[in-house]
Amino acid sequence: MLRLLAQQPFRGGRAKSETSRRGLIPTCTCPNVCHTHAMKLGPKTGRNAPCPCNSGRKFKHCHGRLLASQRFQAGELAVSQLKPQFVSKIREVRAQVARQTAWSRNHGEITPSLQTTLSDGTRLASAGNSLWKIDPDETWHGFIYDLLRTKLGVEWFDAELARPEAERHILVRWYEDICHRELDERQRFSRWVPAEDTGATLAYRSVAYDAFCLMQAMSLTPKLLARLRHRDQFEGARYELWVAAALARAGFSLELLDEDDRSSRHGELVATHQRTSAKFWIEAKRRTRKVDQVANDAAQRRADVQGLVADALRKPADHPRIIFIDVNLPPWAGGMTEAPWLHQFRSSINKLELQPAYRDRDDLSAFIMATNHPYHYTSVIRPDARQHFIGTHFNMPKLDLDTLEQSQPVVMELMRSITRHFAIPDQFL
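Note that the structure is a prediction, hence the values are computed from the model and not measured. (Residues numbered from 1 in each chain as written. Predicted model: local features only at pLDDT ≥ 70, side-chain atom pairs only at ≥ 80, totals over all residues. Heavy atoms only, no water.)

Turning our eyes to something else, we now look at the packing of helix α3 (residues 154–161) against helix α4 (residues 170–182). Packed helix pairs are characterised by how far apart their axes lie and by the angle those axes make with each other. Direction vectors running N to C along α3 and α4 enclose 85°, while the axes themselves pass 10 Å from each other. Compared by their axis directions, α3 and α4 come out roughly perpendicular. Along its contact with α3, which presents Trp156, Phe157, Glu160 and Leu161, the element α4 presents Val172, Tyr175 and Glu176. Residues that form the contact of α3 with α4 fall into these classes: five nonpolar, no polar and two charged. (Axes fitted to C-alpha atoms, helices over the stretch in contact; angles between N-to-C directions. Helix = DSSP H or I, 4+ residues; strand = E, 2+ residues; numbered from the N terminus. Parallel < 35°, antiparallel > 145°, perpendicular 65-115°, else oblique. Contact = heavy atoms within 4.5 Å. Nonpolar A, V, L, I, M, F, W, Y, C, P; charged D, E, K, R; others polar.)

What follows is the structure, encoded as structure tokens:
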């Protein structure tokens, strides 16, 4: 906390007029020649001598302070003139600033975890509003893996591991695969090799990183943690976790709406853009499919989202709506514009707009962010690294796409953040 220790009177500002009602002595700010007093200034006048301008003050307190020759001159120091520890500290600070700049550019507005090692060798790392003790040689990935396991409950993990493999929670099965591939002989997660990632390892790591991001932005609520542990609710809870983390990475503060309030329908949260204070009503929807089963038939591969959008619009909103929808389909190796589900997605949005209940209803409008996170479909094989995202709008006939950057800068900034900040850090700051 900053505390005011002393306060000096302000000495700057305009020169006082000779006709000042308070009778203050006039001053002049002309640097080399005082035209007001027709006086040449020079370094030969003694510092303690009366000022030639007849102000009645000493030269050093009047025009003498304007002379460059009498002021402190900044001088460049060679590195060789500094003590080695000073040079080392300066370089350390510069490297830290560079890493923070790179972190923001690559990972968004999330505060990175800070770490330090105490004199007794204890290593600490921050997450949320807490410090966590970690092993001296633990990796960043190991830290977030164990952080998620701790928040969900180590006892819960162990109980799931005791079940037959087919009955274990899918998150625990992902964790088993990541342990198999990344744990070394000292039980440290030091064997991560990007080329050996699978759908399971990417799936668990992305959940762990999103949980860390939400801890940095606000907290992991008991309600969300309980839903993540619940087999039937995990799918929706995991997507809500990603949406909240993506908003936090885009520079939004988050306010979770009361899920226990059954008196009215409402969205997941209200997001406030910290730089502009713009508020948005947020809803997260995901097409329901079995996360541990590959969609093989045509019915499972559908991307009709009419029902999801309609359900979200039926909830009252006090701010402009942003609806996130995950189509939950297998990965597509081609470009986003060629994704096989894209045409059906757009068609379902257009059909809903034309229905009488929604046509020309400005109060039933929304920005829609469509995603496809396909890790769970690729299980133990190398997945397509590209997650797909597209932004569109619903019931906004007056929206001009050519001027969207000017009319909706916060929405554009959010979409840019989603596309740029998918990558998960691979080391501490």
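Per the stated rule, a full pass over the model turns up 23 salt bridges. Here Asp135 and Arg188 are joined by a salt bridge, their closest N and O atoms 3.3 Å apart. Here Asp135, found in the loop between β5 (130–134) and α2 (140–152), pairs with Arg188, found in the loop between α4 and α5 (199–217); they are 53 residues apart in sequence, far enough to count as distant. With relative accessibility at 35%, the residue Asp135 sits in the partly exposed group. (Salt bridge = Lys/Arg side-chain N within 4 Å of Asp/Glu carboxyl O. Buried < 20%, exposed > 50% of the residue type's maximum accessible area, 1.4 Å probe, protein only.)

On to the packing of aromatic side chains, then. Inspection of every chain in the model, using the stated rule, returns 18 aromatic pairs. Aromatic side chains Trp140 and Phe428 sit 5.4 Å apart centroid to centroid with 75° between the ring planes, which places their arrangement in the edge-to-face category. Separated by 288 residues along the polypeptide, Trp140 in helix α2 and Phe428 in the segment after α12 (409–420) bring together distant segments of the chain. What makes Phe428 buried here is its relative accessible area of 11%. Three or more aromatic residues joined by ring pairs form one cluster here, namely Trp103, Trp140, Phe143, Tyr209, Phe212 and Phe428. (Phe/Tyr/Trp six-rings, centres within 6.5 Å; stacked < 30°, edge-to-face > 60°.)

This part takes up helix α8 (residues 306–313). Where burial is concerned, most of α8 is hidden: six out of the eight residues are buried. Looking at α8, one finds that the buried residues are Gln306, Val309, Ala310, Asp311, Ala312 and Leu313. Looking at the buried positions of α8, the neighbouring elements they touch are β8 (279–286), β9 (321–326), α9 (342–354), β10 (366–372) and β11 (388–394).

Our next topic: the packing of helix α6 (residues 222–229) against helix α7 (residues 234–249). Direction vectors running N to C along α6 and α7 enclose 135°, while the axes themselves pass 7 Å from each other. In terms of orientation, α6 and α7 fall into the oblique class. With respect to the hand of their crossing, α6 and α7 are arranged in left-handed fashion. Contacts from Leu224, Arg227 and Leu228 of α6 reach α7 at Phe234, Gly236, Ala237, Arg238, Glu240 and Leu241. Across the contact of α6 with α7, the residue classes break down as five nonpolar, one polar and three charged. (Left-handed = near helix turned anticlockwise from the far one by under 90°.)

For the rest of this paragraph, the subject is the side chain of Asp326. Examined against the element boundaries, Asp326 turns out to sit in strand β9. With a relative accessible area of 0%, Asp326 lands in the buried category. Within the structure, the side chain of Asp326 is placed 3.0 Å from the side chain of Arg286, a separation counted as a polar contact. At 2.7 Å, the side chain of Asp326 and the side chain of Thr371 are in polar contact. When neighbours within four sequence positions are excluded, Asp326 is seen to be in contact with Tyr239, Lys285, Arg286, Arg287, Thr371, Asn372 and His373. (Polar contact = N/O pair within 3.5 Å; in protein donor to acceptor, adjacent residues only side chain to side chain.)

A word on the nonpolar core. Generally speaking, nonpolar side chains in soluble globular proteins are found buried as a group. Counting residues in hydrophobic clusters, the biggest one holds 75 residues, and the most contacted among them are Leu247 and Phe324. Counting residues per element, this core draws most heavily on α5, at 12 residues. Counting residues in hydrophobic clusters, the runner-up holds 24 residues, among them Ile325, Val327, Ile349 and Ala366. (Core = buried A, V, L, I, M, F, W, Y, C linked by side-chain atoms within 4.5 Å.)

In this section: the sheet that holds strand β3 (residues 115–117). Spatial strand order, β3-β4-β5: three strands in an open sheet with antiparallel pairing. The two strands at the open ends of the sheet, each matched to only one other strand, are β3 and β5. Along the sheet, successive strands turn relative to each other by an average axial angle of 25°, direction set aside. Note that β3 and strand β4 (residues 123–127) share three bridges and pair antiparallel. Counted as the bridge partner of Thr117 is Arg123 from β4. Strands β4 and β5 of the sheet are contacted by α2, whose axis makes an angle of about 115° with β5. (Pairing = 2+ DSSP bridges.)

A word on the confidence of the model for the protein chain. Of all residues in the protein chain, 79% attain a pLDDT of 70 or more, and the chain-wide mean is 81. Predicted confidence for residues 294–299 stays below pLDDT 50, and this span has eight contacts to residues more than four positions away or in other chains. (pLDDT = per-residue confidence, 0-100.)

Turning to the sheet that holds β9, a few remarks are in order. Read across the open sheet, the six strands follow the order β6-β7-β8-β9-β10-β11; overall the sheet is mixed. Of all the strands in the sheet, the pair left with one neighbour each is β6 (252–256) and β11. Taking each pair of neighbouring strands and ignoring which way they run, the sheet shows an average axis angle of 25°. The pairing of β10 with β11 spans seven bridges and is antiparallel. In the strand pairing of β11, Phe367 is matched with His393.

Attention now moves to the environment of Glu255. Note on placement: Glu255 falls in strand β6. With relative accessibility at 46%, the residue Glu255 sits in the partly exposed group. Each C-alpha atom, one on Glu255 and one on Ala244, is 9.8 Å from the other, the two residues being 11 residues apart in sequence. Dropping the residues within four chain positions of it, Glu255 is found in contact with Leu269 and Val270.

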